[in-house]
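These are the residues of each chain, in order.
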Amino acid sequence: MNRRIVAGLIVGTLFQVLYVVFCWKRVRKTLDLLPVLSACIYMAVTVSFTESRITEIAYIMTFQKNADTLADLQSAILGIAFCLLAVICSVAASFFDISRDS
(Lines give C-alpha, C1' and ligand atoms only; values in the text may rest on other atoms or scores of the structure.)
Protein backbone atom coordinates (compact mmCIF):
# COMPACT_ATOMS: atom_id res chain seq x y z
CA MET A 1 0.00 0.00 0.00
CA ASN A 2 1.16 3.49 -0.79
CA ARG A 3 2.59 5.52 2.11
CA ARG A 4 0.56 8.52 0.98
CA ILE A 5 -2.66 6.58 1.42
CA VAL A 6 -1.73 5.34 4.89
CA ALA A 7 -0.58 8.81 5.96
CA GLY A 8 -3.83 10.34 4.71
CA LEU A 9 -5.92 7.83 6.65
CA ILE A 10 -3.90 8.48 9.79
CA VAL A 11 -4.18 12.27 9.46
CA GLY A 12 -7.92 12.09 8.77
CA THR A 13 -8.45 9.90 11.81
CA LEU A 14 -6.25 12.17 13.91
CA PHE A 15 -8.38 15.17 12.90
CA GLN A 16 -11.53 13.32 13.97
CA VAL A 17 -9.99 12.36 17.32
CA LEU A 18 -8.75 15.91 17.94
CA TYR A 19 -12.21 17.26 17.23
CA VAL A 20 -13.85 14.88 19.68
CA VAL A 21 -11.24 15.47 22.40
CA PHE A 22 -11.07 19.26 22.17
CA CYS A 23 -14.67 20.07 21.29
CA TRP A 24 -15.47 20.64 24.97
CA LYS A 25 -12.93 23.47 25.20
CA ARG A 26 -13.46 27.13 24.47
CA VAL A 27 -11.67 27.05 21.08
CA ARG A 28 -14.82 25.71 19.47
CA LYS A 29 -14.83 27.99 16.40
CA THR A 30 -11.38 26.99 15.24
CA LEU A 31 -12.13 23.27 15.63
CA ASP A 32 -15.23 23.33 13.42
CA LEU A 33 -13.02 22.97 10.38
CA LEU A 34 -11.52 19.63 11.47
CA PRO A 35 -14.44 17.35 10.43
CA VAL A 36 -14.58 19.03 7.03
CA LEU A 37 -10.84 18.65 6.54
CA SER A 38 -11.07 15.03 7.63
CA ALA A 39 -13.79 14.31 5.05
CA CYS A 40 -11.73 16.00 2.33
CA ILE A 41 -8.65 13.98 3.26
CA TYR A 42 -10.65 10.74 3.29
CA MET A 43 -12.06 11.54 -0.15
CA ALA A 44 -8.59 12.26 -1.56
CA VAL A 45 -7.30 9.01 -0.07
CA THR A 46 -10.23 7.07 -1.53
CA VAL A 47 -9.60 8.49 -4.99
CA SER A 48 -5.88 7.74 -4.74
CA PHE A 49 -6.50 4.20 -3.45
CA THR A 50 -9.10 3.49 -6.14
CA GLU A 51 -6.83 4.88 -8.86
CA SER A 52 -3.99 2.65 -7.77
CA ARG A 53 -6.20 -0.47 -7.75
CA ILE A 54 -8.16 -0.01 -10.99
CA THR A 55 -5.37 -1.35 -13.21
CA GLU A 56 -4.89 -4.35 -10.95
CA ILE A 57 -8.62 -5.12 -10.93
CA ALA A 58 -8.83 -4.85 -14.73
CA TYR A 59 -5.82 -7.12 -15.17
CA ILE A 60 -7.23 -9.76 -12.85
CA MET A 61 -10.67 -9.68 -14.47
CA THR A 62 -9.31 -10.06 -18.00
CA PHE A 63 -6.21 -12.25 -17.81
CA GLN A 64 -5.58 -14.12 -14.58
CA LYS A 65 -8.30 -15.75 -12.56
CA ASN A 66 -6.72 -18.01 -10.00
CA ALA A 67 -7.14 -18.23 -6.23
CA ASP A 68 -4.33 -15.79 -5.40
CA THR A 69 -5.41 -13.06 -7.77
CA LEU A 70 -9.07 -13.43 -6.84
CA ALA A 71 -8.09 -12.98 -3.19
CA ASP A 72 -6.20 -9.82 -4.20
CA LEU A 73 -9.25 -8.68 -6.11
CA GLN A 74 -11.50 -9.22 -3.10
CA SER A 75 -9.15 -7.32 -0.77
CA ALA A 76 -8.90 -4.42 -3.22
CA ILE A 77 -12.69 -4.18 -3.53
CA LEU A 78 -13.10 -4.37 0.26
CA GLY A 79 -10.46 -1.67 0.72
CA ILE A 80 -12.27 0.63 -1.70
CA ALA A 81 -15.59 -0.07 0.03
CA PHE A 82 -14.18 0.71 3.47
CA CYS A 83 -12.59 3.92 2.22
CA LEU A 84 -15.95 4.97 0.78
CA LEU A 85 -17.62 4.08 4.08
CA ALA A 86 -15.11 6.29 5.91
CA VAL A 87 -15.93 9.16 3.54
CA ILE A 88 -19.69 8.74 4.03
CA CYS A 89 -19.39 8.52 7.82
CA SER A 90 -17.05 11.50 7.96
CA VAL A 91 -19.32 13.66 5.81
CA ALA A 92 -22.35 12.66 7.88
CA ALA A 93 -20.51 13.34 11.13
CA SER A 94 -19.49 16.81 10.00
CA PHE A 95 -23.16 17.84 9.98
CA PHE A 96 -23.70 16.94 13.63
CA ASP A 97 -22.70 18.95 16.66
CA ILE A 98 -21.07 17.43 19.71
CA SER A 99 -22.47 18.93 22.88
CA ARG A 100 -22.58 17.96 26.50
CA ASP A 101 -25.89 18.44 28.24
CA SER A 102 -25.38 19.02 31.93
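Residues numbered from 1 in each chain as written. Predicted model: local features only at pLDDT ≥ 70, side-chain atom pairs only at ≥ 80, totals over all residues. Heavy atoms only, no water.

Participant: Please clarify how the overall build of the protein should be interpreted in this entry.
Facilitator: Each helix and strand counted, the protein has 4 helices and 0 strands in total. Moving toward the C terminus, one meets the helices and strands of the protein in the order α-α-α-α. Among the 102 residues that make up the protein, the fraction classed as buried is 26%. Of all intrachain contacts in the protein linking residues separated by at least 6 positions in sequence, the fraction that spans at least 24 positions is 67%. Counting every atom, the protein has about 7,200 Å² of accessible surface; 69% of that belongs to carbon and sulfur. (Helix = DSSP H or I, 4+ residues; strand = E, 2+ residues; numbered from the N terminus. Buried < 20%, exposed > 50% of the residue type's maximum accessible area, 1.4 Å probe, protein only. Contact = heavy atoms within 4.5 Å. Areas by Shrake-Rupley, 256 points an atom, 1.4 Å probe, with all protein chains shown as cover.)

Participant: Mind showing me how you'd approach the nonpolar core here?
Facilitator: With 9 residues, the main nonpolar core is built from Ile5, Val45, Phe49, Ile57, Ile60, Leu73, Ala76, Ile80 and Cys83. Those elements giving two or more residues to this core turn out to be helix H3 (34–62) and helix H4 (67–93). (Core = buried A, V, L, I, M, F, W, Y, C linked by side-chain atoms within 4.5 Å.)

Participant: Would you mind showing me how to read the environment of Ser48 here?
Facilitator: Relative to the helices and strands, Ser48 resides in helix H3. Residue Ser48 is classed as buried on the basis of its relative accessible area of 14%. In this structure the C-alpha to C-alpha distance between Ser48 and Asn2, which are 46 residues apart in sequence, comes to 9.1 Å. A distance of 3.3 Å separates a polar atom in the side chain of Ser48 from a polar atom in the side chain of Arg4. (Polar contact = N/O pair within 3.5 Å; in protein donor to acceptor, adjacent residues only side chain to side chain.)

Participant: Would you mind showing me how to read the packing of aromatic side chains here?
Facilitator: Each pair of aromatic rings is reported with the distance of its centres and the angle of its planes. Under the defined criterion, the tally for this structure stands at 1 aromatic pair. Ring centres of Tyr59 and Phe63 lie 5.4 Å apart, and the angle between their planes is 50°; on these two criteria the pair is classed as tilted. Residue Tyr59 is classed as partly exposed on the basis of its relative accessible area of 42%. (Phe/Tyr/Trp six-rings, centres within 6.5 Å; stacked < 30°, edge-to-face > 60°.)

Participant: Honestly, the packing of helix H1 (residues 3–22) against H3 in this entry has me stumped. Any pointers?
Facilitator: A pair of packed helices is captured by two measures, namely the crossing angle of their axes and the spacing between those axes. The geometry of H1 relative to H3 is characterised by a closest axis approach of 9 Å and an angle of 160° between their N-to-C directions. Judged by the inter-axis angle, H1 sits roughly antiparallel to H3. Crossing geometry of H1 relative to H3 is assigned as left-handed. On H3, the residues touching Arg4, Ile5, Gly8, Leu9, Val11, Gly12, Thr13, Phe15, Gln16, Leu18 and Tyr19 of H1 are Leu34, Pro35, Leu37, Ser38, Ile41, Tyr42, Val45, Ser48, Phe49 and Ser52. Here the residues of the contact of H1 with H3 sort into 13 nonpolar, 7 polar and 1 charged. (Axes fitted to C-alpha atoms, helices over the stretch in contact; angles between N-to-C directions. Parallel < 35°, antiparallel > 145°, perpendicular 65-115°, else oblique. Left-handed = near helix turned anticlockwise from the far one by under 90°. Nonpolar A, V, L, I, M, F, W, Y, C, P; charged D, E, K, R; others polar.)

Participant: Can you walk me through H3 in this structure?
Facilitator: Think of an α-helix as 3.6 residues a turn; residues three or four steps apart then line up on the same face. For H3, spanning 29 residues, the distance from its first C-alpha to its last is 42 Å, which sits close to the expected 42 Å at 1.5 Å a residue. Most pronounced at Arg53, the bend in H3 amounts to some 35°. Inspection of H3 places Leu34, Pro35, Ser38, Ala39, Tyr42, Val45, Thr46, Ser48, Phe49, Arg53, Ile57 and Ile60 among the buried residues, and these make up the whole buried set. (Expected span 1.5 Å × (residues − 1). Bend = angle between axes of the 7 residues up to and from the residue.)

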